[in-house]
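# Structural features, examined
Listed below, chain by chain, are the residues.
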Amino acid sequence: MRGVTDQDPPALLDRLESYYDAVPRNGARAEDFGPLSLFVREGAGWPFYARPALGWSGPVEAADVHRVRSRQRELGVPEAFEWVAETTPALRAAVEASGLTVHEHPLLALDAAAPTPPSGPSADLSGDLPDGPAVRILGPADPALAGAVAVPHLAFAEPGTAIGAAGPAELADTIRTCARDGLVARAAERIEAGLTVYAAAVADGTAHCTGQHQPVGEVSEIVGVGTLPSERRRGLGLAVTAALVADARARGVRTVFLSASDDEVARLYGRLGFRRVGTALIAE
């Protein structure tokens, strides 16, 4: 385990807890519910969630969860909770007692000894696919940014790794919706502010796969890696993840981590040097 991050497992998980508490505060306010914190997004974007209050070491009861869920209903946001099983083991029973279903996801951190992939604003990281799109880091004015914002909406609507139905026509419609709703402008603002880094696999000017990392000091989480369903099974997700790893390390990030959807996907990330360090739990 020490080889994964050059630190002991408890220190790593403590570091991740500080990150989890810090990163939503760039776009949300935190409401205090004793053992739990509810992050409420201010402005456009994906809604946030509730999670354990930073440093909380006492019990968590179903009543605490019910209070948060009542507030989420009042705000009209999803009744969602995210946490790490090993850090806050008491929360699972409280969440399940409140009536929510808990889903487990492998929590992975990049091995410190893993080689850094090639980097650069136009590095082609599409592996040995001769017709693979070029993978690059996107700036705020990049014409591919709109597609990069739109692709996850389609990717997560058809979960899994199998080739799906949504393709270029659906992507074009989703791009228009995201632009109309201000999501593309919001993404550009976050890139400008250094809060989010987007990478995308781009062909014919359009993003076919995208992902982000969100650096806070020396820690960054890779999130939102998704491929247009019709373009799956081409290695694009790993290529985009490799580009994000290279960018994070170039920025001085020491701890790069992510949550995989399942063990099969976790094994794919293992090809880049990610190793399991815990279990991320999500209830909604």
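Residues numbered from 1 in each chain as written. Predicted model: local features only at pLDDT ≥ 70, side-chain atom pairs only at ≥ 80, totals over all residues. Heavy atoms only, no water.

## A closer look at the overall build of the protein chain
The secondary structure content of the protein chain amounts to nine helices and eleven strands. Its C-alpha radius of gyration of 19 Å places the protein chain within 12% of the 19 Å reference for a compact globule of 284 residues. Projected onto its principal axes, the C-alpha positions of the protein chain cover 55 × 45 × 35 Å. Put simply, 69% of the contacts in the protein chain that link residues at least 6 apart link residues at least 24 apart. Of the roughly 12600 Å² of accessible surface on the protein chain, a fraction of 52% belongs to carbon and sulfur atoms. A gap of 1 Å separates the mean positions of the 26 positive and 36 negative side-chain charges of the protein chain. (Helix = DSSP H or I, 4+ residues; strand = E, 2+ residues; numbered from the N terminus. Rg over C-alpha atoms; globule rule 2.2 N^0.38 Å. Contact = heavy atoms within 4.5 Å. Areas by Shrake-Rupley, 256 points an atom, 1.4 Å probe, with all protein chains shown as cover. Lys, Arg positive; Asp, Glu negative; His and termini not counted. Charge placed at Lys NZ, Arg CZ, Asp CG, Glu CD.)

## Comments concerning the packing of helix α5 (residues 145–157) against helix α6 (residues 168–180)
Two elements in contact, α5 and α6, have axes separated by 8 Å at closest approach and are oriented at 110 degrees. Relative to α6, the element α5 is oriented roughly perpendicular. The handedness of the crossing between α5 and α6 comes out as right-handed. Contact residues: α5 offers Ala146, Gly147, Val149, Ala150, Val151, His153 and Leu154, while α6 offers Glu170, Leu171, Thr174, Ile175 and Cys178. When grouped by side-chain class, the residues that make up the contact of α5 with α6 number eight nonpolar, three polar and one charged. (Axes fitted to C-alpha atoms, helices over the stretch in contact; angles between N-to-C directions. Parallel < 35°, antiparallel > 145°, perpendicular 65-115°, else oblique. Left-handed = near helix turned anticlockwise from the far one by under 90°. Nonpolar A, V, L, I, M, F, W, Y, C, P; charged D, E, K, R; others polar.)

## Considerations on the pairing of strand β7 (residues 197–203)
Consecutive side chains of a regular strand alternate in pointing toward one face of the sheet and then the other. Among the seven residues that make up β7, seven are buried, leaving the element largely enclosed by the rest of the structure. Burial along β7 is two-sided: Val197, Ala199, Ala201 and Ala203 facing one way and Tyr198, Ala200 and Val202 facing the other are all buried. The pairing of strand β6 (residues 134–138) with β7 spans five bridges and is antiparallel. When the sheet's bridge partners are listed, Ala134 is paired in β7 with Val202. In this antiparallel pair of consecutive strands, β7 and strand β8 (residues 206–216), the connection spans two residues, and Asp204 shows a positive phi of 55 degrees. (Buried < 20%, exposed > 50% of the residue type's maximum accessible area, 1.4 Å probe, protein only. Pairing = 2+ DSSP bridges.)

## Some points on the packing of aromatic side chains
Under the criterion given, the structure shown has six aromatic pairs. Taken together, a centroid distance of 6.4 Å and an interplanar angle of 70 degrees make the contact between Phe39 and Tyr49 edge-to-face. Taken together, the residues span a long stretch of sequence, with Phe39 in strand β2 (residues 36–41) and Tyr49 in the loop between β2 and β3 (50–52) at a distance of ten residues. Of the two residues, Phe39 and Tyr49, both sit in the buried class. A connected cluster of aromatic rings, assembled from ring pairs, spans Tyr19, Tyr20 and Phe257. (Phe/Tyr/Trp six-rings, centres within 6.5 Å; stacked < 30°, edge-to-face > 60°.)

## Some details on the pairing of strand β11 (residues 274–283)
For β11, the buried fraction is high: seven of the ten residues fall into the buried class. Judged from the four bridges that link them, strand β4 (residues 81–84) and β11 form a sheet pairing that is antiparallel. Within β11, the position partnered with Glu82 by the bridge is Ile282. Pairing analysis gives nine bridges linking strand β5 (residues 102–110) to β11, with the strands arranged antiparallel. Looking across to β11, one finds that Pro106 is bridged to Thr279.

## Describing the confidence of the model for the protein chain
Of the residues in the protein chain, 92% have a pLDDT of 70 or more, and the chain-wide mean is 92. Taken together, the stretch residues 120–130 has pLDDT below 50 and engages in 21 contacts with residues farther than four places along the chain or on a different chain. (pLDDT = per-residue confidence, 0-100.)

## Focus: the packing of helix α3 (residues 62–75) against helix α4 (residues 90–97)
Packed helix pairs are specified by the crossing angle of their axes together with the interaxial distance, meaning the distance between the axes. α4 packs onto α3 with a crossing angle of 60 degrees between their chain directions and a minimal axis gap of 8 Å. Looking at the two axes, α3 sits oblique to α4. For the element pair α3 and α4, the recorded crossing hand is right-handed. Of α4, the residues touching α3 (which contributes Ala62, Val65 and His66) are Leu91, Ala94, Val95 and Ala97. For the contact of α3 with α4, the class distribution of residues is six nonpolar, one polar and no charged.

## Overview of the side chain of Glu79
Mapped onto the secondary structure, Glu79 falls in the loop between α3 and β4. Among the polar contacts listed, one links the side chain of Glu79 to the side chain of Arg73, at a separation of 3.2 Å. Apart from residues no more than four positions distant in its own chain, Glu79 is found in contact with Arg69, Gln72, Arg73, Leu100, Ala283 and Glu284. (Polar contact = N/O pair within 3.5 Å; in protein donor to acceptor, adjacent residues only side chain to side chain.)

## As for helix α2 (residues 9–22)
Compared with an ideal rise of 1.5 Å per residue, which puts 14 residues at 20 Å, α2 spans 20 Å between its outermost C-alpha atoms and is within 8% of the ideal. Every buried residue of α2 is accounted for by Leu12, Leu13, Arg15, Leu16, Glu17, Tyr19, Tyr20 and Asp21. (Expected span 1.5 Å × (residues − 1).)

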